[in-house]
Amino acid sequence: MNGGQVPNTLRVECIAEDIRRVHDENDLAEQLVHADTHQIPATIVGGGSNLVLRNRLPGVAILLELCGTAFERLGDDDWRIVAAAGENWQTVVDGALQRGIGGLENLTLIPGSAGAAPVQNIGAYGRELSEFLESVTVFDRQEQCYSTLTGPQCGFGYRDSVFKRDAPNRYVITRLALRLGGAALAADYPDVASELADHRGTVDRKTVAGAVAKVRRRKLPDPARIGNVGSFFKNPMVTEAELDAVRALVDIDDYPAPAGTEGRKIPAARLIDAAGWKGVRKDRVQVWPRQPLVLVNLGGATGGEVLALATGIRDDVYRKYGVALELEPVVLGTD
């Protein structure tokens, strides 16, 4: 046994009974087969940027450290990017921008590893990963072998996928392939458009990426300095009737639902703000004053303290506006 602290950007202490670092697919397969054969709980950890951990993590934490990114030009403006699951997501975005490959500019500065990106179907400022994901290589713990899933087989939804929804423990992503190039610029998201309003000259991929980066840095705390997991709640989907009911209580914008989803999307941040939670501090946790979707660890907080504040927010928003907020990060471990 080689126990220790499980890395996570929320910076809460969580001790795993055993920690194993894997650097190649063969090692990963061996670790998973051993754990499953001996009925040892196994948790895959990438960058730890979308985890809320309680005090202890039973079994083995497998730290996925498979690295490497390959760029293959298929045509004039047609590229395939293959990234190992342990690669930092920003490395993938920067590599695309340096080569003039379009599509990922809106997804800059999203913390975490490349392998975690399909699980959450990461998205920001008018783009989602599912638009570009060609396939993923996975270790299938049920069949105990490697296989490939195409984009449609991943069952993507809004901040959702088959990896999170239908088979949260079956598949372990080791590589992803993105097909990029030719995508139109997405620069009309309100915050991005506002940032670009005074720009002089041509708006290109790097310009949009720069605008997105400025918006994110202004609104969101840097996890390298302040413990957080980014957005703590998903933006809820509501029916037209539910939207009317909410608007009778609070002035709120609405947006088209993502493809394959019915209703309208409304900003959870607006509901949390209107309910009076922006900047509220409880114990060692605070609602970030610049973006109420984010909960921050002020230092020494436990996962339980973070979840207690999140529960208070969720219950209050539902009581006041009848809208159920759903957590975006994954909660793991025991107290």
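Residues numbered from 1 in each chain as written. Predicted model: local features only at pLDDT ≥ 70, side-chain atom pairs only at ≥ 80, totals over all residues. Heavy atoms only, no water.

Peer 1: Would you take a moment to explain helix α6 (residues 205–219) for this structure?
Peer 2: Quick reminder: α-helices carry 3.6 residues per turn. Residues three or four places apart thus point the same way. Taking 1.5 Å of rise per residue, the 15 residues of α6 would be expected to cover 21 Å, and the 21 Å separating its terminal C-alpha atoms lies within 8% of that figure. Looking only at α6, the buried set comprises Arg205, Thr207, Val208, Ala209, Ala211, Val212, Ala213, Val215 and Arg216. Next to the buried residues of α6 lie α2 (89–98), β8 (123–124) and α5 (190–196). Where α6 begins, the side chain of Asp204 points an oxygen toward the backbone nitrogen of Lys206, at a separation of 3.3 Å. (Helix = DSSP H or I, 4+ residues; strand = E, 2+ residues; numbered from the N terminus. Expected span 1.5 Å × (residues − 1). Buried < 20%, exposed > 50% of the residue type's maximum accessible area, 1.4 Å probe, protein only. Contact = heavy atoms within 4.5 Å. Polar contact = N/O pair within 3.5 Å; in protein donor to acceptor, adjacent residues only side chain to side chain.)

Peer 1: Looking at this structure, I do not really get the sheet that holds strand β3 (residues 42–45). What am I missing?
Peer 2: Whether parallel or antiparallel, the strands of a sheet pair through hydrogen bonds between backbone atoms. Read across the open sheet, the four strands follow the order β1-β2-β5-β3; overall the sheet is mixed. Each end of this open sheet is capped by a strand with a single partner; those strands are β1 (4–5) and β3. (Pairing = 2+ DSSP bridges.)

Peer 1: Teacher, can you tell me more about the packing of aromatic side chains here?
Peer 2: Counted according to the given criterion, the structure contains five aromatic pairs. Aromatic pair Tyr125 and Tyr189: ring centres 5.4 Å apart, planes at 85°, arrangement edge-to-face. You can see Tyr125 sitting in the loop between β8 and β9 (127–128) and its partner Tyr189 sitting in the loop between β12 (171–180) and α5, a full 64 residues away along the chain. Classification of Tyr125 by relative accessible area gives buried; the value is 12%. Judged by relative accessible area, Tyr189 falls into the partly exposed class, the value being 30%. Here Phe163 and Tyr171 contribute two aromatic rings whose centre-to-centre distance is 6.2 Å and whose plane-to-plane angle is 85°, an arrangement assigned as edge-to-face. Using a relative accessible area of 4% as the deciding quantity, one classes Phe163 as buried. A residue is classified by how much of its surface remains accessible, and Tyr171, at 17% relative accessible area, is buried. Taken together, the ring pairs in this structure connect Tyr125, Tyr189 and Tyr255 into an aromatic cluster. In this structure, Arg99 is placed above the aromatic ring of Phe71, and the distance from its NZ or CZ to the ring centre is 3.8 Å. (Phe/Tyr/Trp six-rings, centres within 6.5 Å; stacked < 30°, edge-to-face > 60°. Lys NZ or Arg CZ within 6 Å of the ring centre and 35° of its normal.)

Peer 1: Just to check I follow, could you spell out the pairing of strand β10 (residues 133–140) for this structure?
Peer 2: Look at any regular strand and the pattern is simple: side chains alternate between the two faces of the sheet. β10 sits mainly inside the fold: seven of its eight residues count as buried. Where β10 and β12 come together, seven bridges link them in antiparallel fashion. If you follow Phe139 over to β12, its bridge partner there is Val172. Pairing analysis gives six bridges linking β10 to strand β11 (residues 145–150), with the strands arranged antiparallel. Bridge pairing in β11 links Asp140 to Cys145.

Peer 1: Sorry, what's going on with the pattern of salt bridges here?
Peer 2: Between side chains of opposite charge, a pair can form as their charged atoms come close. A complete count under the given rule lists 23 salt bridges for this structure. Arg247 is paired through a salt bridge with Asp254; the nearest N and O atoms lie 2.5 Å apart. Counted as one network, the salt bridges with shared partners bring together Glu72, Asp78, Arg80, Glu134 and Arg179. (Salt bridge = Lys/Arg side-chain N within 4 Å of Asp/Glu carboxyl O.)

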